[in-house]
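# Inside the fold
Each chain, written out:
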Amino acid sequence: MNSDTQARGAHLVEQLAAATGADPGRRLLHARGAWAEGEFAPSPLAASLSTAAVFTAPRTPVTARFSTTLGGAGGHDGDPGDQGLALRVGDLDLVTFTLPVFFVRTGADLIDFFRAIRSDDPAAFAAFLRGHPEAATALGFAGKARPATSFTGVTYHAVHSFGLVDAAGTNRWVRLSLRPLRPLPSLDPEQALALPADYLARDLTDRLPAGFELTAHLPDPADELHDPTRLWTGTETVALGTLTLTRPQEPATETAFDPLRLPRGITAPQDQLSEDRSTAYAQARRRRAS
């Protein structure tokens, strides 16, 4: 990472921290979470779609962190918001959320989003939406979301497009999702808020082992490949393998997840948001350490 990128990332992180009111010593958006470990086993078809080692090796160890996105360290797992699941699978980092699309297209727009939702001016959010109509799709899903029963019972999405590169060099753009092998119904909001504030983290021990199917969603020709705010209309999916999380386990040192840490055989997303997220993750770690 060159000095210009570092400076831009540091500026982005400081603005995000100010916009969200985050504690400098904690994560900006994922302060509450729970760790687990397990393994990934690819499907028989996966190796024909990508030469990445995670799809050619019989099994790959996994480090995972579930999280609740909003609310900071003092929030409640039943508050409105989405859940996250970050994975390190060999040379692949996969950072996912329960929303299928994102609110904005760039880091700068994300800062404007948080400023608007935290503003004391009731007109601020309406003004943001007028300037960013692309946020409506994610907000629609967020508005319908109900509290999760467990981290292990919901579907997680990587909102960016990744390229699967096969042995012939053919690149296929896909969106990746993790679908629970045992889906669980959501909770009533009042029921969730009556539980302990960290009920999702507390519940994890009793839910493991738990499994997810990693799927690749293929686009239709008319779909916008590299816009993380747009849904794809394509309905074809391909199973890439099974993630099995066996037990809670906090690593001795914090895993430095990076949305652009990818192995050979997987092409990086081409949208600006993925680059901004990668830069912000790195600078946020430096900020916490200092």
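A brief report on the enclosed structure follows.

### Things to note about the overall build of the protein
Looking only at helices and strands, the protein features nine helices and ten strands. Here the C-alpha radius of gyration of the protein, 18 Å, is about what a compact globule of 290 residues would show, namely 19 Å. For the protein, the C-alpha atoms occupy an extent of roughly 55 × 45 × 40 Å along the three principal directions. Expressed as a percentage of the 290 residues in the protein, the buried residues total 49%. The long-range fraction of contacts in the protein, counting pairs at least 24 apart against all pairs at least 6 apart in sequence, stands at 74%.

### So, the pattern of salt bridges
Applying the stated criterion across every chain, the model contains eleven salt bridges. As a salt-bridge pair, Arg 59 and Glu 39 come within 2.9 Å of each other at their nearest N and O atoms. You can see Arg 59 sitting in the loop between α3 (53-56) and β2 (60-68) and its partner Glu 39 sitting in strand β1 (residues 32-42), a full 20 residues away along the chain. With relative accessibility at 29%, the residue Glu 39 sits in the partly exposed group. For Arg 261, the salt bridge goes to Asp 93, with nearest N and O atoms at 3.2 Å. Taken together, the positions of Arg 261 in the loop between β9 (237-248) and β10 (266-267) and Asp 93 in strand β4 (residues 92-97) put the pair 168 residues apart, joining distant regions of the chain. Given the relative accessible area of 0%, Asp 93 is considered buried. Bridged by salt links that share partners, the residues Arg 88, Asp 93 and Arg 261 form one connected network.

### With respect to the pairing of β9
Looking at chain direction, β1 and β9 are connected through seven bridges and run antiparallel. Bridged to Gly 38 within β9 is Leu 245. Strand direction decides the pairing type here: strand β8 (residues 210-217) and β9, joined by eight bridges, are antiparallel. Each bridged residue has a counterpart across the sheet, and for Ala 216 the counterpart in β9 is Val 238.

### Topic: helix α8 (residues 199-207)
Among all positions in α8, only Tyr 199, Leu 200, Asp 203 and Leu 204 are buried. The buried residues of α8 occupy an angular sector of 145° when the element is viewed end-on, so they sit on one face. Looking at the buried side of α8, the elements it contacts are β1, β2, β3 (83-89) and α7 (189-193).

### Here we look at the packing of aromatic side chains
Enumeration over the complete set of coordinates arrives at 13 aromatic pairs. Geometrically, the ring pair formed by Phe 40 and Phe 55 is edge-to-face, given 6.1 Å between the ring centres and 70° between the ring planes. With Phe 40 in strand β1 and Phe 55 in helix α3, the pair connects residues that are 15 residues apart, well separated along the chain. Phe 55 matches Phe 40 in its accessibility class, with the two residues each being buried.

### Some remarks on the nonpolar core
Counting residues in hydrophobic clusters, the biggest one holds 41 residues, and the most contacted among them are Phe 55, Leu 87, Leu 176, Leu 178, Leu 240 and Leu 245. Other than its neighbours up to four places away in sequence, Leu 240 contacts Phe 40, Pro 42, Ser 43, Ala 46, Leu 49, Phe 55, Leu 164, Leu 176, Leu 214, Thr 215 and Ala 216.

### Section: the pairing of β2
Of all nine residues that make up β2, seven are buried, and the element is covered over most of its length. Looking at chain direction, β2 and β3 are connected through seven bridges and run antiparallel. Counted as the bridge partner of Ser 67 is Gly 84 from β3.

### A short note on the side chain of Asp 223
As for its placement among the helices and strands, Asp 223 is situated in the loop between β8 and β9. An unpaired buried charge is present at Asp 223: no salt bridge exists, and Arg 230, the closest side chain of opposite charge, is 7.0 Å distant. For Asp 223, the residues in contact, after removing those within four places along its chain, are Leu 231, Trp 232, Thr 233 and Gly 234.

Conventions used here
- Residues numbered from 1 in each chain as written.
- Predicted model: local features only at pLDDT ≥ 70, side-chain atom pairs only at ≥ 80, totals over all residues.
- Heavy atoms only, no water.
- Helix = DSSP H or I, 4+ residues; strand = E, 2+ residues; numbered from the N terminus.
- Rg over C-alpha atoms; globule rule 2.2 N^0.38 Å.
- Buried < 20%, exposed > 50% of the residue type's maximum accessible area, 1.4 Å probe, protein only.
- Contact = heavy atoms within 4.5 Å.
- Salt bridge = Lys/Arg side-chain N within 4 Å of Asp/Glu carboxyl O.
- Pairing = 2+ DSSP bridges.
- Arc of directions from axis to C-beta.
- Phe/Tyr/Trp six-rings, centres within 6.5 Å; stacked < 30°, edge-to-face > 60°.
- Core = buried A, V, L, I, M, F, W, Y, C linked by side-chain atoms within 4.5 Å.
- Lys, Arg positive; Asp, Glu negative; His and termini not counted.

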